Every structure is written in C-alpha cells, then in structure tokens.
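# Geometric and topological summary
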Amino acid sequence: MKGYFKLEDNYIENEVIDFNKKRYVFTFNIASIAIAFAIFFIFRVQSCPIFTVSSIIFIIAGYFFLVIIHELIHALFIWIFSRKKAHFKFSLIYASAGASDRYFDRSSYIVIALAPVIIISLFLSILINYSSPDLYNGILLVLALNISSAIGDFYISFITATKEKGTLVRDEGEIMHFYTKTT
Ligand SMILES: [Zn+2]
C-alpha cells in the first residue's frame, strides 16, 4: 500500500507542530489526566474493587506495555504505507515513532496516527468482557489511559483532516510538518 509521495518543487511548508513546546506538553498532560479520570469514573463498576494485587500488577504492567505496543503499531503502519522502519523516542513524558524522510498523504497519515488507540481500545474492550470482577476496574483504568494518552494523536489527526486536499505530512516523532501545493 503506497501512502507516501515525493515532495514536488511546487510544495511549501505550510505548518509545523512541535509537541516539545511547553504549551502542548502542559495542556496535553492536564487534559490527558482529566480525560482518564472522566472515563474511569463514568464507566467504573462500583461493586468491583479498584486496587487488588492483581489489578495493581495489571495496571502497572499494562500501562508499560501499552506505551511500547502503541508506538509499535504506529511503526507497523508507517512500514505498511512507506516500507520505512520508524525511529523511536521514549522519555518519561513522551514516546514517539516517526519516519522523518517520508511524506504521507492525509488519509494514510490519519490511519498511522489513530491505528494504535483504535486497535488497543478494541482489544481491551473485548478483554474487559471476559475479566474477573477483581480485574475489571484495573483493565478499565488501562483502557482510559490508552485513550487519554493518545490526545496528541487525536489532535494531529484533526489538524491533518482540516488541511486541504493534496497536503503531505512529515512526522519526525515529536515534530510534524505539513506541506501544501502552491499552485
Ligand atoms: Zn501515538
């Protein structure tokens, strides 16, 4: 599947979004915590315990694996669309997978951005149906964190969707570049 293109001479850089900027780090972290709490408190089952030994282990291990699997799914879709190995960055507050020399069209890029949160949410939604009461709220918390921590992916997909037809996206991990045709 080909989702990347050569940047022709008639393209110019239209916008750069740098997720390292303090305003993104600050607003996304606050919003992400708020979203995770909201989802958790709306959907939790009060008769099920939150903190059992098994659920605490599940929450810590689940969240750790979630971050890695999330980035691997981005990388898988980067590879599917561009046959390019993604490069990864992991820090305490941020993880990313990018392909800095590939120019993706809008729809391919939105698939790359949203695939992890959709696939992991589906998987956890199925898992929660088969869970024991001990684990239910733990799985729910991991599901909530999975959705809330994808706030950057939702944001970048929204921005990509609002760009004009023919826009190309280059993803350096924490910095996205948008290119549009001049003529
Ligand atoms: Zn992501």
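Let us look at the structure shown here. (Residues numbered from 1 in each chain as written. Predicted model: local features only at pLDDT ≥ 70, side-chain atom pairs only at ≥ 80, totals over all residues.)

### Overview of the nonpolar core
- The biggest cluster of nonpolar side chains holds 19 residues, and the ones touching the most others in it are Ile78, Phe81, Phe104, Ile112 and Val169.
- Looking at this core, the elements with two or more residues in it are α2 (53-82), β4 (95-105), α3 (106-129), β5 (168-171) and β6 (175-181).
- Apart from the residues lying within four places of it in its own chain, the contact partners of Val169 are Phe104, Arg106, Tyr109, Thr160, Met176 and Phe178. (Core = buried A, V, L, I, M, F, W, Y, C linked by C-beta atoms within 7 Å. Buried ≥ 20, exposed ≤ 12 C-beta atoms within 10 Å, placed from the backbone. Helix = DSSP H or I, 4+ residues; strand = E, 2+ residues; numbered from the N terminus. Contact = placed C-beta atoms within 7 Å.)

### A few points about the packing of α3 against helix α4 (residues 133-148)
- Their axes nearest at 10 Å, the elements α3 and α4 cross at an angle of 170°. Taken together, the axes of α3 and α4 are roughly antiparallel relative to one another. Taken together, the residues of α4 that come into contact with α3 (itself represented by Val117, Ile120, Ser121, Leu124, Ser125, Leu127 and Ile128) are Tyr136, Ile139, Leu140, Val142, Leu143, Asn146 and Ile147.
- Looking at side-chain class alone, the contact of α3 with α4 contains eleven nonpolar, three polar and no charged residues. (Axes fitted to C-alpha atoms, helices over the stretch in contact; angles between N-to-C directions. Parallel < 35°, antiparallel > 145°, perpendicular 65-115°, else oblique. Nonpolar A, V, L, I, M, F, W, Y, C, P; charged D, E, K, R; others polar.)

### Things to note about helix α5 (residues 151-162)
- Along its twelve residues, α5 runs 17 Å from first to last C-alpha, staying within 8% of the 16 Å computed at 1.5 Å per residue.
- Within α5, burial applies to Ile151, Ile156 and Thr160.
- Those residues of α5 hidden inside the fold are in contact with β2 (11-18), α1 (22-43), α3, α4, β5 and β6. (Expected span 1.5 Å × (residues − 1).)

### Looking at the packing of α2 against α3
- It is the contact of α2 with α3, at a shortest axis distance of 9 Å, that shows an interaxial angle of 145°. Judged by the twist between their axes, the crossing of α2 over α3 is right-handed. Together, Leu66, Ile69, His70, Ile73, His74, Phe77, Ile78 and Phe81 of α2 and Ser108, Val111, Ile112, Ala115, Pro116, Ile119 and Ile120 of α3 make up the contact between the two elements.
- Counted by class, the contact of α2 with α3 contains twelve nonpolar, three polar and no charged residues. (Left-handed = near helix turned anticlockwise from the far one by under 90°.)

### Quick notes on unusual backbone geometry
- Phi angles above zero are rare outside glycine, and Arg83 is one such case at about 55°.
- Secondary-structure assignment places Arg83 in the loop between α2 and β3 (87-90).
- Assessed through the 12 C-beta atoms surrounding it within 10 Å, Arg83 is described here as exposed.

### Comments concerning the pairing of β5
- Across the two faces of β5 the burial is the same, with Leu168 and Arg170 and Val169 and Asp171 all buried.
- Relative to β5, β4 runs antiparallel, the two sharing three bridges. Residue pairing in the sheet places Asp105 in a bridge with Leu168 of β5.
- As paired strands, β5 and β6 are joined by four bridges and run antiparallel to one another. (Pairing = 2+ DSSP bridges.)

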